[in-house]
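# Structural description and commentary
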There are 2 protein chains.
Amino acid sequence: MTEKIKKSDQTKAKLLESMWKLILEGDKVISVKTITTKAGTAYGSFYRYYKNLDQVHKELIQYRASLLVEFAVAELVKIESPLLRFYVGYYFAIGMFQQENATQWLSKHPNFMNATWSEITEATAQAFLQESLESDDVPEFTQKNLDHYVRIRRYVFWTYQQIIRELSEGKPLQEIYLEFIDAVNLLDLPRDLHHQLANEAVRIASDFTFEN
Amino acid sequence: MTEKIKKSDQTKAKLLESMWKLILEGDKVISVKTITTKAGTAYGSFYRYYKNLDQVHKELIQYRASLLVEFAVAELVKIESPLLRFYVGYYFAIGMFQQENATQWLSKHPNFMNATWSEITEATAQAFLQESLESDDVPEFTQKNLDHYVRIRRYVFWTYQQIIRELSEGKPLQEIYLEFIDAVNLLDLPRDLHHQLANEAVRIASDFTFEN
């Protein structure tokens, strides 16, 4: 299968990769011209794959988010408690876009970012919670808490926009994570338990470095 | 003073008002042409007051938010408990943009909306909390709770984007308010007290109708 990647897919991937490089370099104009020049493809080839710049922004967010979630899940499953995975997952999620130029780019596309992020992470997060429920992981966490989460999660997703802005201003990851934990009522757990899980998550996650 | 409103200010106000009407009518193209036609002014007059369409979107959000906050504060000060004013204030804030076409427009401009909304409401909300603190209003509410609010409020502002989307889909105001109340940890008050204040706020506020 992998040997037979079509040329058209290669060009499309090259366009996405070039756009990502331009974003990471910062201060670069993101246009059809700069993307195709960077990719070494013809200007017109862009419109064979994308309707417009908005669409390629959207696909790039989807692509980066998928890659990063894949990486994160591979790490998270090493943690025994599924509920703790859920908390560490949020820490990872915040860390994933801490590259300054990436956060600036994301903050300009809040609607894409929010829709993509919720779409890509919702199922994984819920699976961890479901597993926690079924495995007698943390007795205080019950079906009621899972229902609470499902009811309010879409409000919480939007706080990611503030997280991105705090990252842009250089605030340390750990501080942002704990502010976020205090700002939301993720699972409606007792406050002490919520903080205990968050602090444990910080301990586990803070060794990680995230590569873009 | 009011008698001497300059003609240029009148034209500017007329452009804003025309844009608002186009938004409320829905399904209308918002362009320099449609705005100036609606206002009965020359096409070129637009660019005497605004750099581009983005700027007039921004000013319209500011203008509408200011009007609505003015209306809300006049009502809120009739409530004796300043802490309860704070809770009712959030209910009002949600109700203010429930006109379907307005929410659709706002959801397309999340960055403007968020910046404007926080800018315009922050001082009022904090003043209510400060007054609550100084007046022995609710004993459980202390300086620590106020500090909590100031630390996390910018995360909470973003949940307004989800509120707008729930409004767009026709969910009842009261239900959205209670979801919002459950999704965030506004003041870090004991959970029962938080819900008690929210339910009292619903009782006080649910008689209101909001005019656009």
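These lines cover the structure that appears in this document, whether it is placed above or below.

### Regarding the relation of the copies chain A and chain B
- Superposition of chain A onto chain B requires a rotation of 180° combined with a translation of 0.0 Å along the rotation axis, giving an RMSD of 0.0 Å. In the structure described here, the two chain copies are related by an operation that fits a two-fold rotation axis. When C-alpha distances to the rotation axis are compared across chain A, the minimum falls at V184 of chain A, with a value of 2.1 Å.

### Observations regarding the side chain of N114 of chain B
- Tracing the backbone shows N114 of chain B in helix α7 (residues 110-134).
- Discounting chain neighbours no more than four positions away, the residues touching N114 of chain B are F157 and W158 of chain B.

### Thoughts on helix α2 (residues 32-39) of chain B
All names here are of chain B.
- Of all the positions in α2, only V32, I35, T36 and A39 are classed as buried. Burial along α2 is one-sided: seen end-on, the buried residues are contained in an arc of 90°. Along α2, the residues that are exposed and aim more than 90 degrees away from the buried face are K33 and T37.
- If you follow the buried residues of α2, they end up packed against α1 (7-25), α3 (46-49) and α4 (53-76).
- Downstream of α2 by one or two residues, G40 has phi in the positive range, about 65°.

### Digging into unusual backbone geometry
- Positive phi, close to 55°, is recorded for D188 of chain A, a residue that is not glycine.
- Positionally, D188 of chain A belongs in the loop between α9 (173-183) and α10 (191-205).

### A look at the packing of α7 of chain B against helix α8 (residues 143-158) of chain B
Residue and element names in this part refer to chain B.
- Contact geometry of α7 with α8 gives a least axis separation of 9 Å together with a crossing angle of 165°. By the criterion of interaxial angle, the relationship of α7 to α8 is roughly antiparallel. The handedness of the crossing between α7 and α8 comes out as right-handed. Of the residues in α8, those in contact with P110, N111, N114, W117, S118, T121, E122, A125, Q126, L129, Q130 and L133 of α7 are Q143, L146, Y149, V150, R153, R154, F157 and W158.
- Looking at side-chain class alone, the contact of α7 with α8 contains 10 nonpolar, 7 polar and 3 charged residues.

Rules behind the numbers
Residues numbered from 1 in each chain as written. Chains lettered and ligands numbered in written order. Predicted model: local features only at pLDDT ≥ 70, side-chain atom pairs only at ≥ 80, totals over all residues. Heavy atoms only, no water. Least-squares fit on C-alpha atoms with pLDDT ≥ 70 in both. Helix = DSSP H or I, 4+ residues; strand = E, 2+ residues; numbered from the N terminus. Contact = heavy atoms within 4.5 Å. Buried < 20%, exposed > 50% of the residue type's maximum accessible area, 1.4 Å probe, protein only. Arc of directions from axis to C-beta. Axes fitted to C-alpha atoms, helices over the stretch in contact; angles between N-to-C directions. Parallel < 35°, antiparallel > 145°, perpendicular 65-115°, else oblique. Left-handed = near helix turned anticlockwise from the far one by under 90°. Nonpolar A, V, L, I, M, F, W, Y, C, P; charged D, E, K, R; others polar.

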